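# Close look at the chain arrangement
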Protein chains: 2
Amino acid sequence: MKFESVEKQLALIRRGVEEIIPEVELIQKLEQSIKNEQPLIIKLGCDPSYPDLHIGHAVVLRKMRHFQDLGHQAVLVIGDFTGMIGDPSGRNKTRPQLTLEETHKNAESYLDQAKKILDINKFKTVYNSTWLDSMSFGDVVRLTSKYTVARMLERDDFTKRYKSEMPISIHEFLYPLAQGMDSVHLHADVELGGTDQKFNLLVGRDLQREYDQDPQVIVTTPLLEGIDGNDKMSKSLENYIGLNDTPEQMYGKTMSISDDLLERYYLLGADVEVKTMEEIERELADPNTNPRDLKRKLARRLVSMYHNESDAKEAEAHFDRIHLHKGIPDEIDIYHKNENETILDSLCTTATVSSRSEGRRLIKQNAVKWIGELVTDPLFKPEPGFGEGVVKVGKRRFLKIIEK
Amino acid sequence: MKFESVEKQLALIRRGVEEIIPEVELIQKLEQSIKNEQPLIIKLGCDPSYPDLHIGHAVVLRKMRHFQDLGHQAVLVIGDFTGMIGDPSGRNKTRPQLTLEETHKNAESYLDQAKKILDINKFKTVYNSTWLDSMSFGDVVRLTSKYTVARMLERDDFTKRYKSEMPISIHEFLYPLAQGMDSVHLHADVELGGTDQKFNLLVGRDLQREYDQDPQVIVTTPLLEGIDGNDKMSKSLENYIGLNDTPEQMYGKTMSISDDLLERYYLLGADVEVKTMEEIERELADPNTNPRDLKRKLARRLVSMYHNESDAKEAEAHFDRIHLHKGIPDEIDIYHKNENETILDSLCTTATVSSRSEGRRLIKQNAVKWIGELVTDPLFKPEPGFGEGVVKVGKRRFLKIIEK
């Protein structure tokens with residue numbers, strides 16, 4: 001197997017990466033790989049406690065895709081065993097433990113979504129229960145004898161919890177060690193992960209040394225901010241763009257990010273090439289550029305990546321219909337509606353109409369419109385995946401409805 | 001099965017005990033046992049990292065004997081699995097881990113010695129590898145999820161090591177939990193242990209609660225001081241009276257303890273009854289008592305317990321021959337000799353004779369005596385187990401030789 005030169009490979013590997021620890025070892029490994037015509041084994045641990053992925057999760061999957069494109073062997077480790085423990089990384093409390101069944105179900109959904117990013121012909125999926133399940137108590141004793149309590153407590157989140165007297169269960173100490181054993185089992189050359197995984201990844205490196213292997217190189221990717229720009233993207237904070245979002249949802253959410261995030265979203269979310277990135281930086285620096293235009297381009301690009309170009313065009317048209325629709329004031333009330341609610345329900349709940357009977361009467365009188373279309377059925381509800389839209393009641397009442 | 005009244009049982013159980021946690025639950029358990037005519041299950045964990053037991057170890061075995069005498073079920077848990085981890089209790093560093101074979105060999109020796117104290121017809125021996133070995137990594141995760149790091153670090157020895165930055169390996173956290181699982185497996189009603197085991201014993205109590213069992217009652221016994229009176233009795237400090245010591249060694253070592261220790265040795269070492277103990281306290285308080293007489297009685301008693309009365313008498317005679325032998329000054333040089341050394345070797349090493357040839361000449365001239373007996377063979381060495389004795393060379397040179 002023929003590989004690109006070390007320089008060319010490094011250029012792609014470095015793109016949008018936070019740290020490579022240590023880069024000099026990565027260079028050696030790439031040189032060896034070229035010399036022996038052998039791909040490197042690239043490990044990525046997947047935490048199957050999330051059934052829904054978002055473009056924040058995708059950052060590290062895109063990095064894996066880079067390694068695939070360079071000809072290396074992608075190995076996705078489904079942490080079905082470690083999912084039972086629950087990764088305590090970055091948590092300020094003990095996680096609920098999942099059962100193996102829950103974990104397997106989530107893993108299938110994870111893989112389905114990861115396939116939108118990875119080259120599906122070139123990756124291997126393994127379940128870490130395969131080797132961790134067969135470890136006995138004695139094996140665990142030997143494993144845990146290789147790490148000290150003090151070193152484990154040095155991990156940021158453990159330090160914080162210990163100092164503030166928040167409980168840390170002892171089984172949480174087993175997580176970094178168990179996922180580190182995955183690296184030993186796979187003889188991983190490189191492990192990828194978000195910056196919040198740095199400690200765990202380094203444990204894998206340490207354990208490989210303890211088990212007389214060449215230690216893996218760590219490649220960490222930044223955590224993408226959520227669309228609110230305050231926190232990292234996360235489902236529980238409802239500031240995410242999901243890989244399973246509809247084109248309309250994806251487009252609308254992208255349009256809602258602040259201008260500050262544009263560069264990060266282009267680099268990490270849209271994974272643009274170095275040359276394109278330079279152009280975008282130039283445009284952003286130009287006072288004549290309207291950031292809105294760059295945002296529209298980003299939104300189209302993201303929808304094209306996860307759906308296709310024609311979906312992107314339609315999503316843009318949908319967005320324009322709502323937002324450029326004449327006569328809608330700039331500031332209107334916003335309501336997040338549940339799936340089963342009808343338009344009439346939403347109007348009643350928000351007191352946009354004074355009563356259910358007033359609502360029915362207005363619908364009968366053709367005075368209610370949903371995204372410019374007349375609502376004639378009192379039981380009408382928008383199709384799931386609509387993202388957002390505006391209801392107009394009479395001439396002056398407006399309500400923006402957003403999908404929960 | 002018929003049992004004594006709660007009061008009668010308690011009187012014996014309380015003798016020489018440090019703590020009963022909580023006594024009220026012990027009373028309930030005894031009442032239940034009487035009512036249901038069912039013996040209580042009394043657990044004692046044996047640490048098989050010591051192949052040689054001493055009367056310090058015997059304290060808790062005697063407490064177990066009391067429970068046996070009251071009709072309860074003694075269960076000795078041989079920690080062959082936990083021995084592999086090494087109990088970190090009271091240690092200021094990580095212990096070396098033993099192999100299962102080393103542990104089994106030590107366990108046999110432990111049991112041989114324990115049989116000198118226990119009623120051998122009424123005890124059950126179990127190896128904790130039987131159930132701990134078959135625990136999987138997943139079982140260990142579930143077990144370790146039941147205890148927090150902070151609680152574990154509250155243990156005295158861990159706190160000290162953590163604060164002084166001495167390494168604690170994570171596997172040491174597994175020891176208290178593993179031995180606690182023994183209590184769960186055995187459905188123990190009572191667990192016995194030295195005061196240094198209190199933390200571990202309480203973990204067993206906690207785990208039984210977590211596994212929906214009635215928690216065991218903890219009965220701790222004091223740690224017996226060594227014959228030097230400074231530290232707890234321990235082989236490494238060479239301040240112990242071994243259960244396998246010869247009558248002469250046992251007698252001699254007992255005679256060397258300070259008067260302050262007499263009461264503790266009577267109570268904990270000789271396990272005397274309450275009435276006898278009261279007598280001894282009275283005698284000790286009487287200014288007319290010579291503590292030496294009480295020490296002789298104690299020494300006879302200890303030898304009788306571990307050997308027999310006639311051995312005790314002989315050991316006393318042997319002791320008197322050495323110590324009361326006329327013409328031996330009170331203060332003479334002391335030498336600890338190795339097993340293979342001859343008397344002549346010892347005399348040369350200590351420069352009691354000026355040269356090996358002077359030594360040989362003196363032996364030829366019938367000028368050397370060992371405990372009053374003429375030494376005629378230059379290669380003569382005392383039989384192992386002699387304890388101690390005095391060599392007389394000519395009329396004025398003396399050397400007390402003590403077995404190493």
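Rules used throughout
- Residues numbered from 1 in each chain as written.
- Chains lettered and ligands numbered in written order.
- Predicted model: local features only at pLDDT ≥ 70, side-chain atom pairs only at ≥ 80, totals over all residues.
- Heavy atoms only, no water.
- Helix = DSSP H or I, 4+ residues; strand = E, 2+ residues; numbered from the N terminus.
- Contact = heavy atoms within 4.5 Å.
- Areas by Shrake-Rupley, 256 points an atom, 1.4 Å probe, with all protein chains shown as cover.
- Buried < 20%, exposed > 50% of the residue type's maximum accessible area, 1.4 Å probe, protein only.
- Arc of directions from axis to C-beta.
- Buried area = accessible area lost by both parts, 1.4 Å probe.
- Salt bridge = Lys/Arg side-chain N within 4 Å of Asp/Glu carboxyl O.
- Polar contact = N/O pair within 3.5 Å; in protein donor to acceptor, adjacent residues only side chain to side chain.
- Nonpolar A, V, L, I, M, F, W, Y, C, P; charged D, E, K, R; others polar.
- Least-squares fit on C-alpha atoms with pLDDT ≥ 70 in both.
- Pairing = 2+ DSSP bridges.
- Axes fitted to C-alpha atoms, helices over the stretch in contact; angles between N-to-C directions.
- Expected span 1.5 Å × (residues − 1).
- Phe/Tyr/Trp six-rings, centres within 6.5 Å; stacked < 30°, edge-to-face > 60°.
- Parallel < 35°, antiparallel > 145°, perpendicular 65-115°, else oblique.
- Left-handed = near helix turned anticlockwise from the far one by under 90°.

The helix and strand tally for chain A stands at 18 helices and 11 strands. Taking the principal axes of its C-alpha atoms as reference, chain A extends roughly 80 × 45 × 40 Å. The long-range share in chain A, meaning contacts at least 24 apart out of those at least 6 apart in sequence, stands at 72%. In the form shown here, chain A has an accessible surface area of approximately 19100 Å², with 47% of it arising from carbon and sulfur atoms.

A separate point is unusual backbone geometry. Residue and element names in this part refer to chain A. In this structure, P22 follows I21 across a cis peptide bond, with omega equal to -15°. At N366, a position not held by glycine, the phi torsion is positive, near 55°. Secondary-structure assignment places N366 in the loop between helix 18 (356–364) and strand 8 (368–370).

Turning next to helix 1 (residues 6–14) of chain A. Residue and element names in this part refer to chain A. When helix 1 is considered as a whole, its buried residues turn out to be V6, Q9, L10, L12 and I13. Take helix 1 and look down its axis: the buried residues cluster within an arc of 165°, on one side only. Among the exposed residues of helix 1, those pointing more than 90 degrees away from its buried face are E7 and K8. Trailing helix 1 by a residue or two, G16 shows a phi angle of about 65°, which is positive.

A word on the interface of chain A and chain B. One widely used convention gives an interface's size as the accessible area the parts lose upon coming together. Each partner contributes residues to the interface: chain A has 32 residues there, and chain B has 32 residues. Each partner contributes to the roughly 2700 Å² buried at the junction of chain A and chain B, and carbon and sulfur atoms together form 78% of this total. Three residues stand out in chain A for area buried against chain B, namely A:F137, A:V149 and A:I170, and they jointly supply 30% of the buried area on that side. Linking chain A with chain B are 0 salt bridges. Taken together, the connections running from chain A to chain B amount to 12 residue pairs in polar contact (both at pLDDT 80 or more). If you list the elements that add at least two residues to the side of chain A that touches chain B, you get helix 4 (80–85), helix 7 (137–144), helix 8 (149–153) and helix 10 (171–186) of chain A. If you tally residues by element for the side of chain A that touches chain B, the top one is helix 7 of chain A, at 7 residues. The residue makeup of the side of chain A that touches chain B, split by class, is 22 nonpolar, 8 polar and 2 charged.

Looking now at the environment of B:E165. Positionally, B:E165 belongs in the loop between helix 9 (156–163) and helix 10 (171–186). Residues B:E165 and B:I280, spaced 115 residues apart in sequence, show a C-alpha to C-alpha distance of 47 Å.

So, on to the pattern of salt bridges. A side chain with one charge can pair with a side chain of the opposite charge if their charged atoms come near. Residues and elements named next belong to chain A. Evaluated as defined, the whole model comprises 50 salt bridges over all chains. For R15, the salt bridge is made with D271, and the minimal N-O distance between the two is 3.0 Å. You can see R15 sitting in the loop between helix 1 and strand 1 (19–21) and its partner D271 sitting in the loop between helix 13 (262–269) and helix 14 (274–285), a full 256 residues away along the chain. For the residue pair R15 and D271, the accessibility class agrees, reading buried in each case. The partner of E388 in a salt bridge is K400, with the nearest N and O atoms 3.7 Å apart. Here E388, found in strand 10 (residues 388–393), pairs with K400, found in strand 11 (residues 397–403); they are 12 residues apart in sequence, far enough to count as distant. What makes K400 buried here is its relative accessible area of 17%.

Here we take up the relation of the copies chain A and chain B. Here two copies of a chain appear, and what relates them is a rotation about an axis with a shift along it. Overlay of chain A on chain B (RMSD 0.4 Å): rotation 178°, translation along the axis 0.1 Å. In the structure described here, the two chain copies are related by an operation that fits a two-fold rotation axis. Closest approach to the rotation axis within chain A is made by the C-alpha atom of A:S136, at a distance of 2.0 Å. A symmetric contact is evident, with 100% of the interface residues of chain A recurring at the interface of chain B.

Residues and elements named next belong to chain A. Pairing is mixed across the open sheet formed by 6 strands, whose spatial order is 1-6-5-2-3-4. Both edges of this open sheet fall to strand 1 and strand 4 (123–127), since each of them pairs with a single strand only. The average angle at which neighbouring strand axes cross in this sheet is 25°, direction not considered. Taken together, the 3 bridges between strand 2 (residues 41–46) and strand 5 (residues 190–194) define a ladder with parallel strand orientation. Bridge assignment links L44 to a residue of strand 5, and that residue is L192. Each of strand 2, strand 3 (73–78), strand 4 and strand 5 touches helix 10; the most contacted strand, strand 2, lies at about 155° to it. Together, strand 1, strand 5 and strand 6 (217–221) form the strand contacts of helix 11 (residues 198–210), whose direction differs from that of strand 6 by roughly 170°.

Looking now at helix 16 (residues 309–323) of chain A. Under the 1.5 Å per step criterion, the end-to-end length of helix 16 of chain A is 21 Å for 15 residues, consistent within 8% with the ideal 21 Å. Summarising the contacts, the buried residues of helix 16 of chain A are in contact with helix 12 (247–255), helix 15 (291–306) and strand 10 of chain A.

Residues and elements named next belong to chain A. With respect to topology, 5 strands assemble into an open sheet ordered 7-11-10-8-9, the strand pairing being mixed. The open sheet has two edge strands, strand 7 (333–337) and strand 9 (373–374), and neither has a second partner. Where strand 8 and strand 9 come together, 2 bridges link them in antiparallel fashion. Across the sheet, K369 pairs through a bridge with L374, a residue of strand 9. Sitting on the sheet, helix 16 touches strand 10 and strand 11, and the angle it makes with strand 10 is about 30°.

Here we take up the packing of aromatic side chains. Residue and element names in this part refer to chain B. Throughout the structure, instances matching the rule amount to 9 aromatic pairs over all chains. Arranged with centres 5.5 Å apart and planes meeting at 75°, the rings of W370 and F386 form a pair that is edge-to-face. Placement of the pair is W370 in strand 8 (residues 368–370) and F386 in the loop between strand 9 (373–374) and strand 10 (388–393), with a sequence separation of 16 residues. Considered together, W370 and F386 belong to a single accessibility category, that of buried residues.

It is worth spelling out the packing of helix 10 of chain A against helix 11 of chain A at this point. Residue and element names in this part refer to chain A. One can describe the packing of helix 10 onto helix 11 by two numbers: an axis separation of 8 Å at closest approach and a directional angle of 55°. The angle between helix 10 and helix 11 falls in the class oblique. Both helix 10 and helix 11 take part in a crossing whose hand is right-handed. Residues Y175, P176, L177, Q179, G180, M181, S183 and V184 of helix 10 form the contact with helix 11, whose participating residues are F199, N200, L201, V203, G204, L207 and Q208.

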